[in-house]
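# Residue-level structure breakdown
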Amino acid sequence: MDRNEKQRLLDNLQSLLNELENTQNCKGWREYHKGSEHDEIVNKVFKVEDHISDLIEEIEEEINSTKEVA
């Protein structure tokens, strides 16, 4: 994957992460998902959010390491 593709992927992942955060910040989201039947949904959202954050960090490191080499 070249640098431009990595940058595009990084931008898309950051956009997706922002959308997840916006959804969670919507009034009533947390209240609606509090409760035993929704705990699994909330946990999955947080796991996805964590995974996206990890991917963003990994791609940023790759982009920065290619800058140092160039």
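See above for the structure.
Computed from a predicted structure; not experimentally measured. (Residues numbered from 1 in each chain as written. Predicted model: local features only at pLDDT ≥ 70, side-chain atom pairs only at ≥ 80, totals over all residues. Heavy atoms only, no water.)

Let's shift gears to the overall build of the protein chain. From N to C terminus, the protein chain includes three helices and zero strands. For the protein chain, the α and β elements follow one another from N to C terminus as α-α-α. Taking 70 residues into account, the globule formula puts the C-alpha radius of gyration at 11 Å, and the protein chain, at 16 Å, lies well above it. Its C-alpha atoms give the protein chain principal-axis dimensions of about 50 × 20 × 15 Å. Looking at the protein chain as a whole, 23% of its 70 residues qualify as buried. As presented, the protein chain carries roughly 5,400 Å² of accessible surface, and 49% of it is formed by carbon and sulfur atoms. (Helix = DSSP H or I, 4+ residues; strand = E, 2+ residues; numbered from the N terminus. Rg over C-alpha atoms; globule rule 2.2 N^0.38 Å. Buried < 20%, exposed > 50% of the residue type's maximum accessible area, 1.4 Å probe, protein only. Areas by Shrake-Rupley, 256 points an atom, 1.4 Å probe, with all protein chains shown as cover.)

Let us now look at the environment of valine 48. Considering the arrangement of structural elements, one finds valine 48 in helix α3 (residues 39-69). By relative accessible area, which is 41% here, valine 48 ends up partly exposed.

Ranked by size, the top nonpolar core spans eleven residues in total: Leu10, Leu13, Leu17, Leu20, Trp29, Val42, Val45, Ile52, Ile56, Ile59 and Ile63. At the level of secondary structure, the elements contributing two or more residues to this core comprise α1 (3-25) and α3. In terms of residue count, the dominant contributor to this core is α3 (six residues). (Core = buried A, V, L, I, M, F, W, Y, C linked by side-chain atoms within 4.5 Å.)

Taking 1.5 Å as the rise per residue, α1 with 23 residues should run 33 Å; its terminal C-alpha atoms sit 33 Å apart, in good agreement. Regarding α1, the residues found buried are Lys6, Leu10, Leu13, Leu17, Leu20 and Gln24. Between the side-chain oxygen of the N-cap and the backbone nitrogen of asparagine 4 there are 3.3 Å, and the N-cap of α1 in question is aspartate 2. (Expected span 1.5 Å × (residues − 1). Polar contact = N/O pair within 3.5 Å; in protein donor to acceptor, adjacent residues only side chain to side chain.)

Don't take any of this as a statement about function, it's just geometry.
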